[in-house]
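# Report on the structure
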2 protein chains.
Amino acid sequence: MGLIVQKFGGTSVADIDRIRNVARRVAKTHDQGHDVVVILSAMSGVTDNLIRLAGQATERPEKREMDVLLATGEQTTAALLAMMLISMKYPAQSLLGFQAEVRTDCAYGNARILDIGADRMKALLSDRKIVVVAGFQGCDTEGNITTLGRGGSDTSAVAIAAALRADMCEIYTDVDGVYTTDPNICSRARKLNRVTYEEMLEMASLGAKVLQIRSVEFAKKYNVPVHVRSSFSEEEGTMVVNEDSDMERLVVSGITCSKNDARIMIKGVPDQPGIAAKVLVPISDAGIVVDMIIQSSPKNGTNDIAFTVSRTDYRTALEIEEKIAKEIGAEAVLGDDSVAKVSVVGVGMKSHAGVASKMFTTLAAENVNIRMISTSEIHISCVIMEKYAELAVRALHTAFGLDKEEG
Amino acid sequence: MGLIVQKFGGTSVADIDRIRNVARRVAKTHDQGHDVVVILSAMSGVTDNLIRLAGQATERPEKREMDVLLATGEQTTAALLAMMLISMKYPAQSLLGFQAEVRTDCAYGNARILDIGADRMKALLSDRKIVVVAGFQGCDTEGNITTLGRGGSDTSAVAIAAALRADMCEIYTDVDGVYTTDPNICSRARKLNRVTYEEMLEMASLGAKVLQIRSVEFAKKYNVPVHVRSSFSEEEGTMVVNEDSDMERLVVSGITCSKNDARIMIKGVPDQPGIAAKVLVPISDAGIVVDMIIQSSPKNGTNDIAFTVSRTDYRTALEIEEKIAKEIGAEAVLGDDSVAKVSVVGVGMKSHAGVASKMFTTLAAENVNIRMISTSEIHISCVIMEKYAELAVRALHTAFGLDKEEG
């Protein structure tokens, strides 16, 4: 008997039949004697429809009001699941973000959870009620409605699990776990039984879309055991846990691939102290996050500076650099938004040499040119031309011994 | 310069273009220097769709969860109007029921407003903000979401106007005011410039659908001037006000017609003390409201008892009476759900004799048989066969001098 937090994503509550399926699963967990808190996303498509509706109202919807609008999506599913459970004779009650006391800062559209006042949920649980919480939403100290950004329901779930010291946080989704790489790209991808918080964090930030990054940060910080699994099967999924000695020790756990980046290169920058700051500060002043940065060795008193930004910021960043290039007398600004970032991730890399060289050798053998490289303790990323992305993923997957057994 | 509360019904916010129309009207009022609080209904059709969705989830949706679901309708329009106003460079902010501190009892689905904490609205108004409040919803002392029943946004508007001591509460709707009778039935119906709270109350309870009854009670109690007008024109509508000596003195202000009633007659009830209670107490025990009651004079030791209930309760009431009739040895139970209630309403009736006799004479002249009669200080109602309803309304409208001038 424990306390289980179950989070169901948009595809798991896409229509009334699927919500009924969720109700059955929740009821079964309750029948087993567990206390259950359910966190729900909006029905898939609903959030996009609301964004479209706001777009008809105004080109730039004000953020506070956008959150009021978007919060209706999760409110709807929470009410529907609760009334369904009640009609099945299970004691259930829905709570919206403000009622579940999910307190956030006031960064509308992308708010961060500050703390969760678990009293009301605990009181309901002590009555053996199933608590159905609208995910993705919270409220700030003034009582304004906030939302947590794309995938925010994952973070709602893990944060609530942490606040309630739940025994398990189950994330139900339309895939049956975390894979060594995207099965749509590589048919030999296999499901991982376990993955560490660190690996999951790297994978999430490098392009894997299974969990919102912030939810993994929360899980790691509060040591919440997370189980990523399918809402359409009874199969065990992937456990996201602390690193321990028992773990299956792969050097590399996964290969990720992101096509969200664009690369900008300023050629022939005068080789002067402080010139990199001149090139990059205006970018961060414009609120644009720079990912990788490379500065070439000076040659004839100039060098080249290249960096990557997300594709949505590409045009703006390019305009800024074209202006700067004139000011500092650089030779040219080149941009490329058809690049991909391929990464290998694994906690085993910490204690294992040769991962980088194996990665470079593998890509070279496929004639894939590496444009930029970045590394951390547990990942190596290469920027390559977008058209080689799938080839690179498959080659690396095989090279690092991740392919599943045939048959 | 004053404080104006403007309420827009479902047809006034039916789509983005109409919401834009509302935004323009609100902005204009703000431009004139007034402080403005806007109360919105859900887009027309949305509430019915949500009820249908709940019906797919379960046959009998639990009431608390139903309110959580229904409240999304008004939340959507409030957010859309606020973001539209902001994009037009007007300072606006939406407030949901709990944020506007509309505190109610916990009668989910039909909650009553207990009080309104106007502090937050006042603070926003003192910053010259346009406050956009989601109508129809409130919250109970535990912070649960409640709704106020069909037409509840009218009550939200008048109650908020009362709490803020607003100078005017404008109810924008798809008709241009309160009419002497339903213009769909009688082409000679004319718009009333003024009507008293008492008359409006009677008209609302007797079948006129312009305003929710409770909103008129609130307006009367707190003396809130209400202006019922069209959101599609600039024309003045109807002022609902206190009776005063200046008022246009019609004996009868309006004719209403309701087809919501059904009539049940128990024939041959033994003429004993307490027999009426035996017949009627089980009806009220079943939560059914009885409207009119008539007991005939005894004849051969028995009499007939007839009463009306709403049509939705007709079948249940009939079954109850059939059982009782057997118990008390009554002769027969007759039911008729094709009746209509036609009423004449007017504060002038208080000081004017002959209204009843004119009503009966007029109906008789049209060969309309009166089945039951009830009266108050300012109304007389007759139950007649449903098929005569429109004829009766038109005849009475002419007889009491309400027809508009030709041309």
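Fair warning: this is a prediction, and the values are worked out from it, not measured in the lab.

### Quick look at the packing of helix H10 (residues 355-365) of chain B against helix H11 (residues 389-399) of chain B
All names here are of chain B.
- Two numbers describe how H10 lies on H11: the axes approach to 10 Å, and their chain directions differ by 130 degrees. Here H10 is positioned oblique relative to H11, judged by the angle of their axes. Every pair of crossing elements has a handedness; the one defined by H10 and H11 is right-handed. Two secondary-structure elements touch here, H10 through Lys358, Met359, Thr362 and Leu363 and H11 through Ala392, Ala395, Leu396 and Ala399.

### Considering the relation of the copies chain A and chain B
- With an RMSD of 0.1 Å, the operation that places chain A on chain B is a rotation of 179 degrees combined with a shift of 0.0 Å along the axis. Look at the turn and shift together and you get a two-fold axis relating the two. Across chain A, the rotation axis passes nearest the C-alpha of A:Thr72, at a separation of 2.7 Å.
- By residue overlap, the copies meet face to face through one surface: 100% of the interface positions of chain A are interface positions in chain B.

### Here we look at helix H7 (residues 213-222) of chain A
All names here are of chain A.
- Inspection of H7 places Arg214, Ser215, Val216, Phe218 and Ala219 among the buried residues, and these make up the whole buried set.
- Buried positions along H7 lie against strand E5 (113-116), helix H5 (152-163), helix H6 (197-205) and strand E11 (226-230).
- Of the residues flanking the end of H7, it is asparagine 223, one or two places downstream, whose phi is positive at about 55 degrees.

### With respect to the UniProt feature "binding site: substrate" (unreviewed entry) in chain A
Residue and element names in this part refer to chain A.
- In the numbering used here, UniProt assigns the feature "binding site: substrate" (unreviewed entry) to Thr47 and Glu74. The greatest C-alpha distance among the annotated residues, which extend across 28 residues, is 9.0 Å, indicating that they converge on a single site.
- Considering the arrangement of structural elements, one finds threonine 47 in helix H2 (residues 46-57).
- The contacts of threonine 47, once residues within four sequence positions are left out, are Ala42, Leu70, Glu74 and Arg150.
- Looking at the secondary structure, you find glutamate 74 in helix H3 (residues 63-87).
- With near-sequence residues (within four places) excluded, glutamate 74 lies in contact with Leu40, Ser41, Ala42, Thr47, Ala134, Gly135, Phe136 and Gln137.

### Regarding the UniProt feature "binding site: ATP" (unreviewed entry) in chain A
Residues and elements named next belong to chain A.
- The UniProt entry lists Lys7, Phe8, Gly9, Gly10, Thr173, Asp174, Tyr179, Lys209 and Val210 under the feature "binding site: ATP" (unreviewed entry), expressed in the numbering used here.
- On the secondary structure map, glycine 10 appears in the loop between strand E1 (3-8) and helix H1 (16-31).
- Ignoring sequence-local partners within four residues, the contact set of glycine 10 consists of Ser41, Ala42, Met43 and Ser44.
- Tracing the chain through its elements places threonine 173 in strand E9 (residues 168-173).
- In this structure threonine 173 comes out as buried when scored by relative accessible area, which is 15%.
- Other than its neighbours up to four places away in sequence, threonine 173 contacts Ser12, Val228, Arg229, Ser230, Ser231 and Phe232.
- Among the polar contacts made by the side chain of threonine 173, one reaches the side chain of aspartate 174 at a distance of 3.2 Å.

Conventions used here
The numbering scheme is per chain: residues are counted from 1 as the chain's sequence reads. Naming scheme: in the order in which they are written, chains are lettered from A and ligands are numbered from 1. Only residues with pLDDT of at least 70 get local features here, since the model is predicted, and only at 80 or more are side-chain atom pairs given and counted; chain-wide, interface and lining totals rely on the full set of residues. Only hydrogens and water are set aside; all other atoms, that is, all heavy atoms of the structure, feed into the side-chain values. Comment: axis = line fitted to C-alpha atoms, over the contacting stretch for helices; angle = value between 0 and 180 degrees taken between N-to-C directions. Going along the chain from the N terminus, every DSSP run of H or I of four or more residues is numbered as a helix, and every run of E of two or more is numbered as a strand. Here roughly perpendicular refers to angles of 65 to 115 degrees, roughly parallel to angles under 35, roughly antiparallel to angles over 145, and oblique to all remaining angles. A crossing counts as left-handed when the near helix is turned anticlockwise from the far one by less than a right angle, and as right-handed when that turn is clockwise. The criterion used for residue contact is that any of the two residues' heavy atoms lie within 4.5 Å. When the copies are superposed, the least-squares fit takes in the C-alpha atoms of residues with a pLDDT of at least 70 in both. Residue exposure (1.4 Å probe, protein chains only): buried if accessible area is under 20% of the type maximum, exposed if over 50%, otherwise partly exposed. UniProt positions are given in the numbering used here, feature names are shortened, and annotations may be inferred rather than shown by experiment. Contacts described as polar in this section are N or O atom pairs within 3.5 Å, which, within protein, must combine one atom able to donate a hydrogen with one able to accept it, while residues neighboring in sequence count only if both atoms come from side chains.

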